[in-house]
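# Residue-level structural notes
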Amino acid sequence: MPELPEVETTRQGLLPHVVGKRIRDVIVRNAALRWPVPADLSRRLRGEQVVAIRRRGKYLLFDCREGHLLVHLGMSGRLTLVPDNLPPRPHDHVDVRFEGSRTLRLTDPRRFGAMLWVRGPAERHALLKGLGLEPLEAGFTGAAMHAKARGRRAPVKHFLMDARVVTGVGNIYASEALHRAGIDPRRSAGRISRARWDRLAASVRSTLERAIAAGGTTLRDFASAEGRPGYFQQEASVYGREGLPCRTCGAAIRALRQGQRSTFYCPSCQR
DNA sequence: CCGGACGCCTGTCGGC
DNA sequence: TGCCGACAGGCGTCCG
């Protein structure tokens, strides 16, 4: 589920309530996530103060004095702030209890998410080391993408979703950005001109920014830290709109499968 | 190195 | 009504 805009929405919702706060306790109800939640997580976190919350791609980093709490939301993960006394429901796997009466609760039905403790520089952690460009930072340009795509025969949609190239773009926003840029998702990444990469990089950026402004996309279970859904799905141009008219040209939106994932596009606007 | 498929896990939905 | 397969926002790993 959560792509960059949902993770960023979560981060922004947590900032005012978590930064500067001290952790009282951690309760792990189910450690069986994508990787096991470390058995000593509670011991590591107790008494730590969260000094900042950063995002790298779809990862969240809670910076503490002695290390970093690394969180990934997988397909169905959610981080919400709840009152201390709210009873856990099924799939509520971890509670991080802060001073005061707030608890940060990780909910994740499919358990593809992760919660890990990182010592030392977070960017050297195995999961973060190989990540590519941050699409909302200055280095993400058409020129950079054009250079990375040289010689690559993979479909551009797949290329956009490759975290080693650019991080944070998932299945929804790849389809949306390609529609905005007027590019066929099946086209080989290496056969896209520099001018079109300029357009596509700008589209990726503006699509993600608009989604963040809308509070992300809620298809089924995403909610912000405060428990509010996102509204970007109402603005979607192609995702989930098979058979409906393209908002630009009126042609029927089509769906296809690319490597086990569904892709939506307009056969008339996207070439 | 590259590209594609698989598997992890649970819930939901559509068709028969 | 019940069962079964397909599919869902991700991504590390394996294979050719």
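### Some words on the overall build of chain A
Of regular secondary structure, chain A possesses seven helices and ten strands. The globule rule puts the C-alpha radius of gyration for 271 residues at 18 Å, and the 19 Å found for chain A is close to it. For chain A, the C-alpha atoms occupy an extent of roughly 55 × 35 × 30 Å along the three principal directions. Buried positions account for 52% of the 271 residues belonging to chain A. Per element, the accessible surface of chain A, about 12,400 Å² overall, is 48% carbon and sulfur.

### Description of the environment of A154
Residue placement: A154 occurs in the loop between α4 (142–149) and α5 (156–160). Owing to a relative accessible area of 22%, A154 belongs among the partly exposed residues under this scheme. Along the primary structure A154 and A189 are separated by 35 residues, whereas in three dimensions their C-alpha atoms are 6.0 Å apart. Excluding residues within four positions of it along the chain, A154 makes contact with R187, S188 and A189.

### Some points on the environment of R119
With respect to the helices and strands, the residue R119 is situated in the loop between β8 (114–118) and α3 (126–129). Sequence separation between R119 and P36 is 83 residues, and the spatial gap between their C-alpha atoms is 17 Å. Setting aside anything within four residues of it in sequence, one finds R119 in contact with R44 and E66.

### Section: the sheet that holds strand β6 (residues 92–98)
What the four strands build is an open sheet, ordered β1-β6-β7-β5; its pairing is antiparallel. Sheet topology places β1 (23–28) and β5 (78–83) at the edges, where each strand pairs with a single neighbour. Across this sheet, the average inter-strand angle for adjacent strands is 20°, counted without regard to direction. Across the sheet, helix α1 (residues 4–18) lies against β5, β6 and β7 (102–107), angled at about 30° from β5, the strand it touches most.

### Observations concerning the pattern of salt bridges
All chains considered together, the criterion is met by 17 salt bridges. In this structure, R55 and E8 form a salt bridge, with 2.8 Å as the shortest nitrogen-oxygen distance. Of the two residues, R55 sits in strand β2 (residues 52–56) while E8 sits in helix α1, which places them 47 residues apart along the sequence. Note that D84 is salt-bridged to R24, the shortest N-O span being 2.4 Å. One end of the pair, D84, is in the loop between β5 and β6; the other, R24, is in strand β1, with 60 residues separating them in the sequence. By relative accessible area, D84 is classed as partly exposed at 23%.

### Focus: the domain arrangement of chain A
Examined at the domain level, chain A breaks down into domain 1 (4–129) and domain 2 (142–265). Here the C-alpha centre of domain 2 lies 28 Å away from the C-alpha centre of domain 1. Across the domain 1 to domain 2 interface the summed buried area is about 1,500 Å²; carbon plus sulfur atoms make up 62%. When the buried area of domain 1 at its contact with domain 2 is split by residue, P5, E6 and T9 rank highest and sum to 33% of it. Here domain 1 is connected to domain 2 by zero salt bridges. Inspection of the domain 1/domain 2 interface yields five residue pairs in polar contact (both at pLDDT 80 or more). Mapped onto the side of domain 1 that touches domain 2, the elements with two or more residues apiece are α1 and β5. With ten residues, the top contributor of residues to the side of domain 1 that touches domain 2 is α1. For the side of domain 1 that touches domain 2, the per-class residue count stands at six nonpolar, eight polar and five charged.

### Overview of the protein's contact with DNA strand B
Taken together, R34, H91, P109, R110, R111, F112, R152, R153, A154, P155, G259 and Q260 are the residues near DNA strand B. Taking H91, its side chain carries an N or O atom lying 2.8 Å from a phosphate oxygen of DNA strand B. One of the side-chain nitrogen or oxygen atoms of R110 is found 3.0 Å away from a base oxygen of DNA strand B. Of the residues that constitute the surface near DNA strand B, the class distribution is four nonpolar, three polar and five charged.

### Considering the side chain of N171
Within the fold, N171 resides in helix α6 (residues 171–181). A distance of 3.1 Å separates a polar atom in the side chain of N171 from the backbone oxygen of S262. Not counting residues up to four positions away in its chain, the partners in contact with N171 are E3, K157, M161, Y239, R261 and S262.

What counts, and at which threshold
Residues numbered from 1 in each chain as written. Chains lettered and ligands numbered in written order. Predicted model: local features only at pLDDT ≥ 70, side-chain atom pairs only at ≥ 80, totals over all residues. Heavy atoms only, no water. Helix = DSSP H or I, 4+ residues; strand = E, 2+ residues; numbered from the N terminus. Rg over C-alpha atoms; globule rule 2.2 N^0.38 Å. Buried < 20%, exposed > 50% of the residue type's maximum accessible area, 1.4 Å probe, protein only. Areas by Shrake-Rupley, 256 points an atom, 1.4 Å probe, with all protein chains shown as cover. Contact = heavy atoms within 4.5 Å. Pairing = 2+ DSSP bridges. Axes fitted to C-alpha atoms, helices over the stretch in contact; angles between N-to-C directions. Salt bridge = Lys/Arg side-chain N within 4 Å of Asp/Glu carboxyl O. Domains from an automatic or database assignment. Buried area = accessible area lost by both parts, 1.4 Å probe. Polar contact = N/O pair within 3.5 Å; in protein donor to acceptor, adjacent residues only side chain to side chain. Nonpolar A, V, L, I, M, F, W, Y, C, P; charged D, E, K, R; others polar. Near = heavy atom within 4 Å.

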